[in-house]
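# Remarks on the overall topology
So you can see what is in the structure, the chains are spelled out below.
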Amino acid sequence: MSVDPIGIFDSGVGGTSIWKEINVQLPNENTVYFADSENAPYGEKSSEEIIQLSVKNTELLLGKGCKLIVVACNTATTNAIDHLRKNYDVPFIGIEPAIKPAALQSKSKTVGVLATKGTLTSSLFHSTSENHTNGITVIEQVGKGLVPLIEEGKINSKETRELLFSYIGPMLEKGIDYLVLGCTHYPYLIPVLNDLIPDHVKIIDSGEAVARQARAVLEQKKITNSSHNTAYHKFYTNAGVSVLKSFLEDVEGSLEISHLDF
Ligand code: DGL
């Protein structure tokens, strides 16, 4: 049993989509979230830079007493989680594009993956993809420019809709029946995507699976929080707080959201 918080970080506000799943599945757990929005997007950075930023974020969360760290960013996971696991004792949970369930369920044998350049060029993504997509055509598309638009809170703008369609349209033409969202910012685009894609194309993201994995690791290591105190949730961003706040508006209960010079 441990009342220490779960630490969660992302390059920005996207990881709140993972935080929400964790909060549903682990309502007793205290949490500390860090949005490194000042350094977003990670997806266009080199692997070395992504590792450096992930180390910095990990140190911040460890300094706040976190017992487990969720790397709520596909780009940071696919580039840096091996380094983090080698260098820190705390357990890490990562997120990768859910290519396996998409490949298993696809009837057209053609699946699309929308993710950042950093994720799609990583060796971890490639080995996972090769292991699970025998006989499947995988159409990889870099979602360049989407993360900055989401970070600006422009989810429903014409610009976002047009950029998104320029990425999704060619995938639809090639016959995908599954679209894997390989970036934790992208679940916030689902309402827009639902307008752009036909009903038979299913969207898959990994948020729920990550929360399930976090719960399993806490139980296995016997560090769940079994106290009956009300959980606290602290959110930090090194950019302005207003966009982060807007992404958490639908959450009930009291959240502490503050700016951190970091
Ligand atoms: N949320 C991050 C991910 O899952 C976005 C990466 C970025 O900042 O480009 O990949």
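Here's a quick rundown of the structure.

Conventions adopted
Residues numbered from 1 in each chain as written. Predicted model: local features only at pLDDT ≥ 70, side-chain atom pairs only at ≥ 80, totals over all residues. Heavy atoms only, no water. Helix = DSSP H or I, 4+ residues; strand = E, 2+ residues; numbered from the N terminus. Buried < 20%, exposed > 50% of the residue type's maximum accessible area, 1.4 Å probe, protein only. Contact = heavy atoms within 4.5 Å. Areas by Shrake-Rupley, 256 points an atom, 1.4 Å probe, with all protein chains shown as cover. Lys, Arg positive; Asp, Glu negative; His and termini not counted. Charge placed at Lys NZ, Arg CZ, Asp CG, Glu CD. Near = heavy atom within 4 Å. Polar contact = N/O pair within 3.5 Å; in protein donor to acceptor, adjacent residues only side chain to side chain. Nonpolar A, V, L, I, M, F, W, Y, C, P; charged D, E, K, R; others polar. Pairing = 2+ DSSP bridges. Axes fitted to C-alpha atoms, helices over the stretch in contact; angles between N-to-C directions.

### Description of the overall build of the chain
Within the chain, the secondary structure is distributed over 11 helices and 10 strands. Taking all 262 residues of the chain together, the buried fraction comes to 53%. Within the chain, residue pairs in contact and separated by at least 24 positions form 75% of the contacts whose partners lie at least 6 positions apart. Here the chain has roughly 11,700 Å² of accessible surface; of this, 48% comes from carbon and sulfur atoms. For the chain, the centre of its 23 positive side-chain charges and the centre of its 31 negative side-chain charges are spaced 4 Å apart.

### Points about the site of the ligand
Around the ligand, the surrounding shell holds 13 residues, and the nearest of these are Ser11, Tyr42, Gly43, Thr75 and Thr184. A distance of 2.9 Å separates a nitrogen atom of the ligand from a polar side-chain atom of Asp10. In this structure, a nitrogen atom belonging to the ligand sits 2.8 Å away from a side-chain N or O atom of His185. In the complex, 99% of the free accessible area of the ligand, which totals 300 Å², lies under the protein chains. Partitioning the shell around the ligand into residue classes produces five nonpolar, seven polar and one charged.

### Some words on the environment of Phe165
Tracing the backbone shows Phe165 in helix 8 (residues 158–173). Here Phe165 falls in the partly exposed class, since its relative accessible area comes to 41%. In this structure the C-alpha to C-alpha distance between Phe165 and Val210, which are 45 residues apart in sequence, comes to 28 Å. Beyond its immediate stretch of four places on either side in the chain, Phe165 contacts Pro170 and Leu196.

### Observations concerning the sheet that holds strand 4 (residues 92–93)
Strand order across the open sheet formed by six strands is 4-3-1-2-9-10, with parallel pairing between neighbours. Only two strands of the sheet have a single partner each, and these edge strands are strand 4 and strand 10 (256–259).

### Comments concerning the environment of Ile50
Relative to the elements of secondary structure, Ile50 occurs in helix 2 (residues 47–63). Between the C-alpha atoms of Ile50 and Ala76, which are 26 residues apart in sequence, the distance is 6.1 Å. Ile50 has contacts with Tyr42, Lys45, Thr75, Ala76, Asn79 and Ala80, leaving out every residue within four places of it along the chain.

### A short note on the sheet that holds strand 5 (residues 110–115)
Think of a sheet as strands paired side by side through backbone hydrogen bonds, with each pair either parallel or antiparallel. As summarised here, the arrangement of the four strands in space is 6-5-7-8, forming an open sheet in which the pairing is parallel. Sheet topology places strand 6 (137–142) and strand 8 (202–204) at the edges, where each strand pairs with a single neighbour. Across the sheet, the mean angle from the axis of one strand to that of its neighbour is 20°, orientation sign disregarded. Judged from the five bridges that link them, strand 5 and strand 7 (residues 178–182) form a sheet pairing that is parallel. Bridge pairing in strand 7 places Ala115 opposite Gly182.

The analysis is restricted to geometry; functional conclusions fall outside its scope.
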